[in-house]
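In case you want the letters, here they are:
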Number of protein chains: 2
Amino acid sequence: MKTKRPLVIFIIGVSGVGKSTIGNLLSKQLSIPFFDGDDFHPKKNKTKMATGQPLNDEDRYEWLIRLNNLAKENLQYNSCIIASSALKESYRIILKKDIETNVKWILLNGSFVQVLDRINKRKNHFMPTSLLNSQFESLEVPLEALQIDITNSPKKIVTIIEDELLKKSEFGIIGLGVMGKSLSRNFASKGFVISIYNRHAKGLEENVALSFKKEFSELSNSMPFDKLQDFVNSLQQPRKIMLMVNAGETVDIVIEQLVHYLSENDTVIDGGNSHYNDTQRRVNFLKKKNIHFIGAGISGGEEGALKGPSIMPGGNEKAYKIVQPYLEVIAAKDDKGNPCCNYIGKNGSGHFIKIIHNGIEYVEMQLLAEVYQILRTIDNNPEQIANILSSWKSEVDSYLLEITIDILKKKEGEKWLIDEILDKAGNKGTGNWATITTTELGIPSTMIGSALFARYLSSFKEERIALKNNLINNIKKKSNVNIEDLLKAYQLARLINHHQGFKLIFEASKSNSWELNLSEIARIWTNGCIIRSPLMNELSETFKETDNIFFSKKMIAQIKKLRPSLNNIVSQSILNQIPIPSLSEAVNFLNGYSEANSSANLIQAQRDYFGAHTYQRINDPTGEYYHTNWKSKSYD
Amino acid sequence: MKTKRPLVIFIIGVSGVGKSTIGNLLSKQLSIPFFDGDDFHPKKNKTKMATGQPLNDEDRYEWLIRLNNLAKENLQYNSCIIASSALKESYRIILKKDIETNVKWILLNGSFVQVLDRINKRKNHFMPTSLLNSQFESLEVPLEALQIDITNSPKKIVTIIEDELLKKSEFGIIGLGVMGKSLSRNFASKGFVISIYNRHAKGLEENVALSFKKEFSELSNSMPFDKLQDFVNSLQQPRKIMLMVNAGETVDIVIEQLVHYLSENDTVIDGGNSHYNDTQRRVNFLKKKNIHFIGAGISGGEEGALKGPSIMPGGNEKAYKIVQPYLEVIAAKDDKGNPCCNYIGKNGSGHFIKIIHNGIEYVEMQLLAEVYQILRTIDNNPEQIANILSSWKSEVDSYLLEITIDILKKKEGEKWLIDEILDKAGNKGTGNWATITTTELGIPSTMIGSALFARYLSSFKEERIALKNNLINNIKKKSNVNIEDLLKAYQLARLINHHQGFKLIFEASKSNSWELNLSEIARIWTNGCIIRSPLMNELSETFKETDNIFFSKKMIAQIKKLRPSLNNIVSQSILNQIPIPSLSEAVNFLNGYSEANSSANLIQAQRDYFGAHTYQRINDPTGEYYHTNWKSKSYD
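Residues numbered from 1 in each chain as written. Chains lettered and ligands numbered in written order. Predicted model: local features only at pLDDT ≥ 70, side-chain atom pairs only at ≥ 80, totals over all residues. Heavy atoms only, no water.

Undergrad: Please clarify how the overall build of chain A should be interpreted in this entry.
TA: Along the backbone of chain A there are 27 helices and 14 strands. Oriented by its inertia axes, the alpha-carbon framework of chain A measures out at about 100 × 75 × 45 Å. A fraction of 71% describes how many contacts in chain A between residues 6 or more apart in sequence connect residues 24 or more apart. As displayed, chain A has an accessible area near 25,100 Å², and 48% of this comes from carbon and sulfur atoms. Here chain A contributes 78 positively and 71 negatively charged side chains, and the mean placements of these two sets differ by 3 Å. (Helix = DSSP H or I, 4+ residues; strand = E, 2+ residues; numbered from the N terminus. Contact = heavy atoms within 4.5 Å. Areas by Shrake-Rupley, 256 points an atom, 1.4 Å probe, with all protein chains shown as cover. Lys, Arg positive; Asp, Glu negative; His and termini not counted. Charge placed at Lys NZ, Arg CZ, Asp CG, Glu CD.)

Undergrad: Help me understand the interface of chain B and chain A, please; the structure alone is not making it clear to me.
TA: Much of the literature gives interface size as the accessible area that the parts lose upon coming together. If you look at the interface, chain B gives 127 residues, while chain A gives 127 residues. Roughly 11,900 Å² is buried in total at the junction of chain B and chain A, and carbon and sulfur atoms are behind 61% of that figure. At the junction of chain B with chain A, the criterion picks out six salt bridges. Here B:Arg617 and A:Glu412 are joined by a salt bridge, their closest N and O atoms 2.4 Å apart. Class assignment for the residues of the side of chain B that touches chain A results in 55 nonpolar, 40 polar and 32 charged. (Buried area = accessible area lost by both parts, 1.4 Å probe. Salt bridge = Lys/Arg side-chain N within 4 Å of Asp/Glu carboxyl O. Nonpolar A, V, L, I, M, F, W, Y, C, P; charged D, E, K, R; others polar.)

Undergrad: Whenever I open this one, the packing of helix H27 (residues 600–611) of chain A against helix H18 (residues 399–409) of chain B confuses me. Can you help?
TA: For any two helices packed against each other, one specifies the inter-axial angle together with the distance between the axes. The contact between H27(A) and H18(B) brings their axes to 10 Å, and the two run at 105°. The angle between H27(A) and H18(B) falls in the class roughly perpendicular. Between H27(A) and H18(B), the contacting residues are A:Leu602, A:Ala605, A:Gln606, A:Tyr609 and A:Phe610 on the first element and B:Tyr399, B:Leu400, B:Ile403, B:Thr404, B:Asp406, B:Ile407 and B:Leu408 on the second. Residues of the contact of H27(A) with H18(B), tallied by class, amount to nine nonpolar, two polar and one charged. (Axes fitted to C-alpha atoms, helices over the stretch in contact; angles between N-to-C directions. Parallel < 35°, antiparallel > 145°, perpendicular 65-115°, else oblique.)

Undergrad: Help me out: how do you make sense of the sheet that holds strand E2 (residues 34–36) of chain B in this one?
TA: Across a sheet, strands are paired by hydrogen bonds formed along the backbone, either parallel or antiparallel in direction. All names here are of chain B. Reading across from one edge, E2-E3-E1-E4-E5 is the order of the five strands in this open sheet, with parallel pairing throughout. A single partner strand is all that each edge strand has here, and the edge strands are E2 and strand E5 (146–149). Averaged over all neighbouring strand pairs, the angle between strand axes comes to 20°, with direction disregarded. Bridging between E2 and strand E3 (residues 80–83) involves three bridges; their strand directions are parallel. Across the sheet, Phe 34 pairs through a bridge with Ile 81, a residue of E3. Contacting strand E1 (8–12), strand E4 (103–109) and E5, helix H7 (residues 154–167) crosses the sheet at an angle of about 160° to E5. (Pairing = 2+ DSSP bridges.)

Undergrad: What should I look at first to understand the relation of the copies chain B and chain A in this one?
TA: Each of the two copies of the chain can be brought onto the other by a rotation about an axis and a shift along it. Between chain B and chain A, which share one sequence, the superposing operator has a rotation angle of 180° and an axial displacement of 0.0 Å; the RMSD is 0.1 Å. Considering both components of the superposition, the chain copies are consistent with a two-fold axis. Among all residues of chain B, the minimum C-alpha distance to the rotation axis is found for B:Ser571, at 2.1 Å. When you check the interface residues of chain B against chain A, 100% turn up at the interface there too, and the contact is symmetric in its surfaces. (Least-squares fit on C-alpha atoms with pLDDT ≥ 70 in both.)

Undergrad: Quick question: what am I supposed to make of the pairing of strand E10 (residues 267–270) of chain B here?
TA: Residues and elements named next belong to chain B. Residues Thr 267 and Ile 269 of E10 are buried on one face, and the alternating residues Val 268 and Asp 270, pointing to the opposite face, are buried as well. Pairing of strand E9 (residues 240–243) with E10 involves four bridges; the strand directions are parallel. From the neighbouring strand, Ile 241 faces E10, where its bridge partner is Val 268. Regarding the hand of the β-α-β motif, the stretch spanning E9, helix H11 (residues 249–259) and E10 is right-handed. In this structure, E10 lies alongside strand E11 (residues 292–299), joined through four bridges in parallel fashion. Residue Ile 269 lies in a different strand from E11, and its bridge partner there is Ile 294. (Buried < 20%, exposed > 50% of the residue type's maximum accessible area, 1.4 Å probe, protein only. Right-handed = clockwise from strand over helix to strand, strands pointing away.)

Undergrad: Explain the domain arrangement of chain A to me, please; I cannot follow it from the model alone.
TA: In terms of domain boundaries, chain A breaks down into domain 1 (8–166), domain 2 (171–347), domain 3 (355–593) and domain 4 (597–636). A straight line from the C-alpha centre of domain 1 of chain A to that of domain 3 of chain A covers 56 Å. (Domains from an automatic or database assignment.)

Undergrad: Before we go on, may I ask you to explain helix H8 (residues 178–189) of chain A in this structure?
TA: One turn of the α-helix equals 3.6 residues, which is why residues spaced by three or four share an orientation. Between the first and last C-alpha of H8(A) there are 17 Å, a value that for 12 residues agrees with the 16 Å anticipated at 1.5 Å per step. What H8(A) keeps buried is the set A:Gly180, A:Ser182, A:Leu183, A:Ser184, A:Asn186, A:Phe187 and A:Ala188. (Expected span 1.5 Å × (residues − 1).)

Undergrad: Would you explain the sheet that holds strand E2 (residues 34–36) of chain A in this entry?
TA: All names here are of chain A. Strand order in the open sheet formed by five strands is E2-E3-E1-E4-E5, with parallel pairing between adjacent strands. This sheet does not close on itself; its edge strands, each paired only once, are E2 and strand E5 (146–149). Within this sheet the neighbouring strands show an average axis-to-axis angle of 20°, counted without direction. Direction of pairing for strand E1 (residues 8–12) relative to strand E3 (residues 80–83): parallel, over a ladder of four bridges. Considered in E3, the bridge of Phe 10 is made with Ile 82. Docked against the sheet, helix H7 (residues 154–167) engages E1, strand E4 (103–109) and E5, running at close to 160° with respect to E5.

Undergrad: I would appreciate a short explanation of the pairing of E9(B) in the present structure.
TA: Along any regular strand the residues' side chains alternate between the sheet's two faces. All names here are of chain B. Judged by which residues are buried, E9 turns out to be covered on both faces: Lys 240 and Met 242 on one side and Ile 241 and Leu 243 on the other are all buried. In this structure, strand E6 (residues 171–174) lies alongside E9, joined through three bridges in parallel fashion. Residue Gly 172 lies in a different strand from E9, and its bridge partner there is Ile 241.

Undergrad: How do you make sense of the packing of aromatic side chains when you look at a structure like this?
TA: For any pair of aromatic rings, geometry is given as the distance between the ring centres together with the angle between the planes. Residues and elements named next belong to chain A. Tallied over the entire structure, the rule returns 46 aromatic pairs over all chains. Ring centres 4.9 Å apart and planes at 20° place the aromatic pair Phe 10 and Trp 105 in the stacked group. Pair noted here: Phe 10 is in strand E1 and Trp 105 is in strand E4, with a separation of 95 residues, a long-range link. Here Phe 10 falls in the buried class, since its relative accessible area comes to 0%. Judged by its relative accessible area of 5%, Trp 105 falls in the buried class. Seen in terms of ring centroids, Phe 171 and Phe 187 are 4.3 Å apart; in terms of plane orientation they differ by 25°. Their pairing is stacked. Placement of the pair is Phe 171 in strand E6 (residues 171–174) and Phe 187 in helix H8, with a sequence separation of 16 residues. (Phe/Tyr/Trp six-rings, centres within 6.5 Å; stacked < 30°, edge-to-face > 60°.)

Undergrad: How should H7(B) be read in this particular structure?
TA: Residue and element names in this part refer to chain B. Its 14 residues give H7 an end-to-end C-alpha distance of 19 Å, which sits within 8% of 20 Å, the value for a rise of 1.5 Å per residue. For H7, every residue scored as buried is listed here: Ile 157, Val 158, Ile 161, Glu 162, Glu 164, Leu 165 and Leu 166. In the core, the buried residues of H7 are packed alongside E1, helix H1 (19–30), E4 and E5.

Undergrad: Looking at this model, I keep getting lost on the packing of helix H5 (residues 112–121) of chain B against helix H6 (residues 129–138) of chain B. Mind explaining?
TA: Residues and elements named next belong to chain B. Put simply, H5 and H6 touch, their axes get as near as 11 Å, and they point 135° apart. With respect to each other, H5 and H6 are oriented oblique. Judged by the sense of rotation from one axis to the other, the crossing of H5 with H6 is right-handed. Residues Phe 112, Val 115, Leu 116 and Ile 119 of H5 pack against Thr 129, Leu 132, Asn 133 and Phe 136 of H6. Along the lines of polarity and charge, the residues of the contact of H5 with H6 split into six nonpolar, two polar and no charged. (Left-handed = near helix turned anticlockwise from the far one by under 90°.)

Undergrad: Looking at this structure, how should I read unusual backbone geometry?
TA: All names here are of chain A. With an omega of -10°, the peptide bond between Gln 237 and Pro 238 qualifies as cis. With respect to the element layout, Pro 238 can be found in the loop between helix H10 (228–233) and strand E9 (240–243). At Asp 98, a position not held by glycine, the phi torsion is positive, near 70°. Mapped onto the elements, Asp 98 comes out in the loop between helix H4 (89–95) and E4. Judged by its relative accessible area of 53%, Asp 98 is exposed.

Undergrad: Quick question: what am I supposed to make of the nonpolar core here?
TA: One finds A:Phe502, A:Ile505, A:Trp525, B:Phe502, B:Ile505 and B:Trp525 to be the most contacted residues of the largest nonpolar core, which totals 208 residues. Ignoring anything within four residues of it in the chain, the contact list for A:Phe502 reads A:Leu518, A:Ile521, A:Ala522, A:Trp525, A:Met536, A:Leu539 and A:Phe543. Grouped together as the second largest cluster of nonpolar side chains are 49 residues, A:Phe10, A:Trp63, A:Leu64 and A:Leu166 included. (Core = buried A, V, L, I, M, F, W, Y, C linked by side-chain atoms within 4.5 Å.)

What follows is the structure in structure tokens.
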């Protein structure tokens, strides 16, 4: 076999386009077997056809399964070519079952007149116009197919196919930073032939792609570029290109350059942390040029990208189908072996949920930092804290808990490395966007804000040092915190954090008509991503029953059980003057969310008093608005 | 006198433009006295001039003061006309001292050749070219003057002036909603002749301006319109127009319509709650047409607008000077009698600080709501709570405290009205913007967010009721809260709220190079606005010494004294499951801001672990960034 990896090449199209001819020629050229699909009909189909009865979909099903099995068998040893009209998407779904990533579709295209003319010129062949016409009507052009015009000579057609399959790669990656490199290696290690591109910046970024290819053996089949046009031309059509460049203006710049070289029906995936409004704008921009754009959130950090990240692609669903086999193969797998990647929804919804993912992540990190801070005040060293956290794993395990344990155990000589790190937390913008999003949508996902602001506050290190001295903290920050209470408080705070994140997704989905599937989103986040944890598996089940954690009986039981501990830990920490903004927000949210009669009536009265903003009444179900002259002392 | 209110009409311009001629003619036409400024020189000036010595600024000062006194004397009885070259702004400042709002400037304009020719044609007059030249060079054209070309005949010039002063109004207001109406009445009650405009919307808004004028006697001199062009033409040039329309798109629509009728050097003021970025965009748009745009935050609600609001105008400082007399007269006065209105800074800074004002206001309201909520749990009825709050006035008085007391005392028959109000708080967007602003700027003004989110949470009333039942709150929300502690906690939380608001202004000013004056902003907020309080007066003094409340010794002493009470109240409320999000944020901010060693080191380690985001070290003052392979267990 001459193909770089085992492939099943389906030559498809209406009757008379020359599938067998091309199949035979290509077979010789590539030294791989060719099978004419028509030879594999079960006997009863053959009988039916011989008696002039048309096949129904049930007849076809058995036949398509046979072809699918044929393909699978051959794939164990070799590439192969199969000719079959495969006009409908439903037929192709059967043909490619379980072998999606090894299938290539070649669609032979001709005009009606051209094809009819050909058929009628063949010896002993005659096709009624109506029959051919119905074939043309049935044809659902597969977006992922290489389309070749039959006005080309058979030799030329075979050359085109050969060039595409042997000389070109299947998937392109632009941008070889930490994430781009890891994803490239991930794609390559799954057997995909990829093109990789990094810009040339004199003295700064030179031959990045080439050096990278040389560094890793799994990239031996990859094609490296630092010229964009060559990179694009190296890709099989329709092209599939993933951008792994810095979010923001860079994405627009790259797209601007890229569109000059792309063709209709190509697909561009933005795998960075772009803002969902930008993604929507780019979808619209490229749509005008008939180019598909998929905004895909990707989480997992460097390691996840390499071994299997969680992927959240949004945009046009048909376009997603084109790239689906690639994304699902490189994605992490959930505990049932399904890929942690699925179509999220239209527009920028993939990037939207990535922002919320990161918001939840900010809080998860902050909660661990607060737990750490509390444990430090009761005279634990980092190793002891690591041991406490290890003992919690059966209750509240998570990827972030695990890395925190690793971090706390890390020593440099005699010193704990954690103690050497400057306590000014950075951020790259997604926590910021998550906070703005919850603010704009009118949803009180308060913990995201508290975690973001905690990072902001940490950056005022010099002021903090000065104030420490000004305020001379006379409280000895040592409390007899009950470790079991702390575990429960942490557990409940995580639950509330997850509630707030998913509530935000739920409300955004409603107001944008995205129809997002909370359970499926949670499932995608059960592995590969930074916030993966057993809780996420639980939530994936919970969201099959309800859109709101707080309306699940199981969760309510947990909340009730854990609540007193959270109250204790927060109130004690406040008396001990330990900053615990996210734990506090958790308590206050819980108390506010379960308070049937809030104090917002006073706020409405104040607004009406000074601004005549009016108010509604509890005893008026019509929702009418009232205004009162509050100053008059009339008591009637 | 024929003028609608007492005016001093200064006819100004270089020698030879015909100031005396016009002054005399106008005097007859209007039946008010005319004074030629040259007749009022002190004797020593006359001597100097007779001997050919030029006057210096000191000589002029005494003379200008005389003219200013002349104007003031006349104003007690009548309008008058004074001719004086008044070429420089510094001279005019003396001339209009204490009578800014009664002064009208008429600048007679001619070309150099034209004026020289006129002078030389006069009997017994000769002026050296160099002397006239130096006058032209000295002339600083006052933006607020009506400019008339001397190619018009004297009769025509007098007619122009007469039309402007007798038939036109001085200030225009667009939009007669709650705030627009109150401001119109405020302007009119100060003696200004105003034009008022409200759009015509068939069946909805018809003859709004006319009906409004008929309703209030102080508007008898006002000119009502529902046709925009007529409204604009009714205004003296350069025109001064205030928009009191809904913030957002409406402002753009009105500006679009308005520019067709405006002339160069007219000034438009947006008195609504516009976003500062929109204001900046509008400043730039109108600048291209040589029209000034002032974004003025106005606070005080309906009553403040009527009796004297706090006004925060930003934009071009020179343009501000044009409208200054009007805005300062209608503004509230501080305890020294100075207007609660001053030029804030360039660009959108006026509207920016209004947003922060409202952010502080959200928190002040929320803190009162939390205090109310806590007091309700210890079996106080609204009247009893009102009495407690009344007893606090000597310590923590504020406008919002006062209206809260009024509200809590309000009864409907036997029922307290507060108990009838639905507890779903509304918001009009500024709290939202304030939260987004603090998020975008990277400043942890956490309390604004907490107050906004508390309103958001209140809107989920149905879920709150359901959860109340699901979670069956088994804590009896009755605590033995110490009222003295609660007062102190409230006091400290207010201090922190004000710190956070001003910190946000300080940081925004730095990053936008606005050079805002915190002390002056606090002073403007000491009266007229919704967040006025004795604390604001204190802060106005504090900010003369430091940009940060936490670096004032006096404030630090207070904070230390109050801190244990805030700790107690928050921790107790949390044990009692009373939602107190803003009080909690106050505590957590204080604890975080005075924590020299935060837990952000753990967050930096986590970020480096999963994303290779690097970290800095406490013992490396160069600020270098480090990356660690956290998984390796190497202990060296």
